[in-house]
Amino acid sequence: MTMSVTASRPVARPTQSTRRPMTTALARREVQIVIAMLLIVGVSTLAYPDFLSSRVIANVFIAAMVTTFVSLGQTFVMLARGIDLSVAPILGLSAVVVGFAAQDHGLGLWRGLVLGAVVGMVLGVGNAVLVSWFKLPPIIATLGTFSVYGGLQFVVTGGQQVDQIPGQYTQYGIATHTIVPGVPVILLAGLAATALVSWVLRSTVFGRNVYATGDDGEAAFRAGIPVRRITFLAYVLCGLFAGIAGVVYLTRTGSADSLTGTQTNENLNAIAAALIGGTALTGGRGTAVGSFLGSVFLSLTLSAMGIAFGVPNEWQPAGIGVLILLAVVADPRARRGHALTTLRMRLRRSAR
Amino acid sequence: MSHHLNRAGVLAVAMAALGLAAAGCSSGSAASTTTSSSASGASAASASSTADSPACDASATGGGVKIASGKPITVAIVPKLLGLPVFEANVKGAKQVASSLNVTVDYTASVKASGADQAQVIQGLVNSNNPPDVIAYSANDPTSIVPALQAAKAKGIKVIGFDSDVTASARSYFIQDTSYEAMGKALIDAVVAKNGKTGSVAILSSTKDATVQNAWIDAMKSYMSSTYPDLKLAGIAYGQSNQATSQSQATNLINSHPDLKALIPIDGAAVPGALAAVKSQGLVGKLSVFGIGDPNPNRQYFADGSLTGLFLWDEVKQGQLIAYVARGAADGTMPAAVGTFVAGDIGTCTVGNSPAANTIIFSKPLEFTKENYLKYDF
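Because the structure is predicted, anything quoted here is derived from the model rather than measured.

Chemist: In this structure, what is going on with the overall build of chain A? I would like to understand it.
Modeler: Helices and strands together make up the secondary structure of chain A, namely 15 helices and zero strands. In chain A, which comprises 352 residues, the proportion classed as buried is 61%. Long-range contacts, defined here as pairs at least 24 residues apart, represent 80% of the contacts in chain A between residues at least 6 apart. Summing over all exposed atoms, chain A offers an accessible surface of approximately 13,800 Å²; the carbon and sulfur share of this is 69%.

In structure tokens, the structure reads:
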């Protein structure tokens, strides 16, 4: 980050210049999260011995999975220095479309998964066109589609609720449903998705280009990286993962309605998970594993608040907000980067 | 591209995300689209002070004024929002008896559960060229629609309420779903019948300010302390009328009270949420669930045995009563409180002054079981 702001600007080798320090820094953040989680588990177990039961721990993981999928998608966008504020209604639309198809027409799980992914991709293309083609600032574009997609969700449901999801779906939301003993199937799905995204980001040309685009778009462009296409694909992938998350939501809750996604603050949760996992809002820095750990961290914190310490759930949004701020404040590079940016802008303005 | 993003900066993005989340949160709790029982009616405040009037009873003899047909009238039924199965069932019931009462039923509402939107719908009815003779509402909140109802009254339109009330002075009659005490007693009796007189139970409600739910909670608490002192209330959690939130709250209740014997979800979203939690934790058969809600969203849980008891009332018959009371109100044949009237097959109903003025208690709690849930479609 520091490099990109100061020295690397005209240099056309973003991948090499950022890779090594980035990985070490992020490894540190991931280690930090794991240590913090162990501390939380320790304190919670002291306060309430049953906290360390397999049931509670399994639940912490499976309760995190919806957010895991959304934040994996969000990670692509944030790495490319964007943000998608419409993931909650994308999740919701996917959940109601797949939900009604499964409930009323017996759509099977695998086809449902494909349908959810397609719905998510189509809505992601909407965001991608606005940000990548029309060059709208991501906040404005996705704030607009947040409202559009949320409105469509109302239209699709017509006030009706999906509540008869076939057991073929809901069996996967159950903690005791396992293939590998002790590991819920839905957690395996989350781990597999994390591994896949991690591989794409680390080992494919596209993945490296996402980092380069977010780290310094101008340098990436001069280096011949198709910045617009990379940005476009990042939003499409974000939609895809939010769409899959909608199906995961169905397996977890067996229901969906006109406010699914929005009402449980999936926008906030996904961004929080990515930020806690070390993904920078300024782009170019972050990992899939971080986002996975971030979402589990959120779930663990909320479970600890509710189970071990009896904090009423009205405090949850405030708690998540504090965690976001802590995550950003605890990231010295994010702060320094921001301060430098401001300073540079000021210098430029005064020079004019 | 990078330039204006730099300017927007970290904080702006974070704040936008937070603001968006907050907006989602508040609009969410306003539109609690669950059952008619997820109400915030106004009538419950004085519930425990005096005994409620008896509910309508088909077997009661004696009777009172018999509501009969008359000149043709139109009744506009305006529930909290469109599309909710319980309200559809109300309308279906009203239409079943409409022709015998010479009543035309007009069903209209806003698409969102919002007091302001509902006020607009009612004002639109009042101002229309062809206003209805009677407006029957189920209010989203106790105050928002009061001015519109008063405008209706001033124009000679009779106003009656059902399910969720407003200030009593703004309407002629209110049909309360069921007696709060009777509902609290029915739930606790069901828990005791299944699990015995000892142990601990937990309640999952909608929101902290939901008047009807709070009246049920008070009724359960006082019945437990007076009749089953060894039955302990381990905790109360709030699912915000959202199934996913209800599920995570129920999971927390279960995990923070390992000795819990029964979970009592008392709102339309809380019941399937609690059941999903019990199922997800692998506790079907070990933890009983007794709730207040409509049977349709819970069919799978009746079938697999995780739902041990569910209470509500017959929404279709309640719709029939709406038509009868509308007819009586339009013709001025309704008795003054305290008095009785006969509403067809529903039987003898009482107009009483408890919990609020001119209140008709529709029904005793109706229990849905594995055996009978298929008979009801709401």
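Now that the structure has been shown, the text picks up again.
Chemist: I would appreciate a short explanation of the overall build of chain B in the present structure.
Modeler: For chain B, the helix and strand inventory stands at 10 helices and 15 strands. In chain B, buried positions account for 61% of the 378 residues. Long-range pairs, those at least 24 residues apart, make up 75% of the contacts in chain B with a sequence separation of at least 6. For chain B, the exposed area adds up to about 13,100 Å²; of that, 54% sits on carbon and sulfur atoms.

Chemist: Would you take a moment to explain the sheet that holds strand E11 (residues 309-312) of chain B for this structure?
Modeler: Within a beta sheet, neighbouring strands are joined by backbone hydrogen bonds and run either parallel or antiparallel to one another. Residues and elements named next belong to chain B. Read across the sheet, six strands follow the order E8-E7-E9-E10-E11-E15 without closing on themselves; strand pairing throughout is mixed. Lying at the two open borders of the sheet, with one neighbouring strand each, are strand E8 (231-238) and strand E15 (366-368). Within this sheet the neighbouring strands show an average axis-to-axis angle of 20°, counted without direction. Judged from the three bridges that link them, E11 and E15 form a sheet pairing that is antiparallel. Residue Phe 311 lies in a different strand from E15, and its bridge partner there is Glu 367. Along the sheet, helix H8 (residues 270-280) makes contact with strand E7 (199-205), strand E9 (260-265), strand E10 (288-292) and E11, crossing E9 at roughly 150°.

Chemist: Would you take a moment to explain the side chain of A:Thr231 for this structure?
Modeler: Within the fold, A:Thr231 resides in helix H11 (residues 227-253). In contact with A:Thr231, not counting residues within four places along its chain, are A:Val131 and A:Thr213.

Chemist: Help me understand the packing of helix H8 (residues 185-203) of chain A against helix H9 (residues 205-215) of chain A, please; the structure alone is not making it clear to me.
Modeler: A pair of packed helices can be characterised by two numbers: the angle between their axes and the separation between those axes. All names here are of chain A. Running from N to C, H8 and H9 point in directions that differ by 75°, and their axes come no closer than 5 Å. Relative to H9, the element H8 lies roughly perpendicular. On H9, the residues that touch Val 200, Leu 201, Arg 202 and Ser 203 of H8 are Val 205, Phe 206, Gly 207, Arg 208 and Tyr 211. Split by residue class, the contact of H8 with H9 holds five nonpolar, two polar and two charged.

Chemist: So what exactly am I meant to see when it comes to the UniProt feature "domain: Periplasmic binding protein" (unreviewed entry) in chain B here?
Modeler: Here, the residues flagged by UniProt with the feature "domain: Periplasmic binding protein" (unreviewed entry) are residues 75-332 of chain B. This span, residues 75-332 of chain B, is 47% helix and 21% strand, and a straight line between its end C-alpha atoms measures 15 Å.

Chemist: How should I be thinking about the pairing of E8(B) in this particular structure?
Modeler: The side chains of a regular strand alternate, first on one face of the sheet and then on the other. All names here are of chain B. As defined by bridge partners, E7 adjoins E8 across seven bridges and the pair is classed as parallel. Directly across from Ser 205, in E8, lies its bridge partner Tyr 238. On the question of chirality, the crossover connecting E7 to the parallel E8 by way of helix H6 (residues 211-227) is right-handed.

Chemist: Whenever I open this one, the state of the cysteines confuses me. Can you help?
Modeler: Two cysteines form a disulfide when their sulfur atoms are joined by a covalent bond. Residues and elements named next belong to chain B. If you walk through the whole model with that rule in mind, you get one disulfide over all chains. Disulfide pairing places Cys 56 opposite Cys 349 at an S-S distance of 2.0 Å. Where Cys 56 bonds to Cys 349 through sulfur, the torsion about that S-S bond is close to 120°, and the disulfide is right-handed. Here the residue Cys 56 occupies a position in the loop between helix H1 (2-30) and strand E1 (65-66), and Cys 349 occupies one in strand E13 (residues 347-352), the gap between them amounting to 293 residues.

Chemist: What should I look at first to understand the nonpolar core in this one?
Modeler: Most often, soluble globular proteins keep nonpolar side chains buried together rather than apart. Ranked by internal contacts, the top residues of the largest apolar core, which has 103 residues, are A:Phe51, A:Phe76, A:Tyr169 and A:Phe241. Here the element with the most residues in this core is H11(A); it accounts for 16 residues. When neighbours within four sequence positions are excluded, A:Phe76 is seen to be in contact with A:Val197, A:Val200, A:Leu201, A:Phe206, A:Val210, A:Ala234, A:Leu237 and A:Phe241. Core analysis: the next-biggest nonpolar cluster, separate from the first, contains 93 residues, B:Val86, B:Met224, B:Leu312 and B:Ile346 among them.

Chemist: Where do I start with the domain arrangement of chain B in this structure?
Modeler: Quoted interface sizes are often the accessible area lost when the parts come together. Residue and element names in this part refer to chain B. Looking at the assigned domains, one finds that chain B contains domain 1 (65-178 + 314-364) and domain 2 (180-312). Contacts between the two partners involve six residues from domain 1 and, on the opposite side, four residues from domain 2. Taking both sides of the interface into account, the surface hidden between domain 1 and domain 2 amounts to around 530 Å²; carbon and sulfur atoms contribute 60%. Linking domain 1 with domain 2 are zero residue pairs in polar contact (both at pLDDT 80 or more). Of the residues assigned to the side of domain 1 that touches domain 2, the class counts are two nonpolar, two polar and two charged.

Chemist: Hey, could you run me through the pattern of salt bridges in this one?
Modeler: Opposite charge on two side chains makes pairing possible when the charged atoms of those side chains draw close. All names here are of chain B. Going through the model one piece at a time under the given rule, you end up with five salt bridges over all chains. With its nearest N and O atoms 3.0 Å apart, the salt bridge here joins Asp 189 to Lys 185. Here Asp 189 pairs with Lys 185, and both are found in helix H5 (residues 180-195), just four residues apart, close to one helical turn. Across the pair Lys 279 and Asp 304 runs a salt bridge, and its minimum N-O distance is 3.3 Å. Placement of the pair is Lys 279 in helix H8 and Asp 304 in helix H9 (residues 299-304), with a sequence separation of 25 residues. Residue Lys 279 is classed as partly exposed on the basis of its relative accessible area of 22%.

What counts and how
- For every chain, the first residue of the written sequence is number 1, and numbering continues from 1 along that sequence.
- Following the order in which they are written, the chains are lettered starting with A and the ligands numbered starting with 1.
- Given that this is a predicted model, residues contribute local features only at a pLDDT of at least 70 and side-chain atom pairs are listed and counted only at 80 or more, while totals for whole chains, interfaces and linings are drawn from all residues.
- As a rule here, side-chain values come from all non-hydrogen atoms in the structure, and water together with hydrogens is ignored.
- Per the convention used, a helix needs a DSSP run of H or I reaching at least four residues, while a strand needs a run of E reaching at least two, with both numbered from the N terminus.
- Per-residue accessibility, obtained with a 1.4 Å probe over protein chains only, is compared with the maximum for each type, and a residue is labelled buried under 20%, exposed over 50%, and partly exposed between these values.
- Any two residues whose heavy atoms approach within 4.5 Å at even a single point are treated as in contact.
- Where accessible areas are quoted, they stem from the Shrake-Rupley method and a 1.4 Å probe; at the residue level, only the protein chains shown are allowed to cover.
- In this description, strands pair whenever DSSP reports at least two bridges between them.
- The convention used is that axes are lines fitted to C-alpha atoms, helices contributing only their stretch in contact, and that angles between N-to-C directions extend from 0 to 180 degrees.
- When an angle is under 35 degrees it counts as roughly parallel; over 145 it counts as roughly antiparallel; between 65 and 115 it counts as roughly perpendicular; any other value is oblique.
- Lys, Arg, Asp and Glu make up the charged group, whereas Ala, Val, Leu, Ile, Met, Phe, Trp, Tyr, Cys and Pro make up the nonpolar group; the residues left over, Gly among them, are polar.
- UniProt positions are given in the numbering used here, feature names are shortened, and annotations may be inferred rather than shown by experiment.
- Note on handedness: a crossover is taken as right-handed if, strands pointing away from the viewer, the path from the first strand over the helix to the second is clockwise.
- Note on terminology: disulfide denotes any pair of cysteine sulfur atoms within 2.5 Å.
- Take the buried Ala, Val, Leu, Ile, Met, Phe, Trp, Tyr and Cys residues and link them wherever side-chain atoms come within 4.5 Å; each set so joined is a nonpolar core.
- Segmentation of the chain into domains, including their bounds, is taken from an automatic or database domain assignment.
- Accessible area that two parts lose when put together, with a 1.4 Å probe and added across both, is what the buried area reports.
- Whenever two N or O atoms come within 3.5 Å, that pair is a polar contact, provided that in protein one can donate a hydrogen and the other can accept it, and provided that, for residues adjacent in sequence, both atoms are side-chain atoms.
- The salt bridge definition used is simple: a Lys or Arg side-chain nitrogen within 4 Å of an Asp or Glu carboxyl oxygen.

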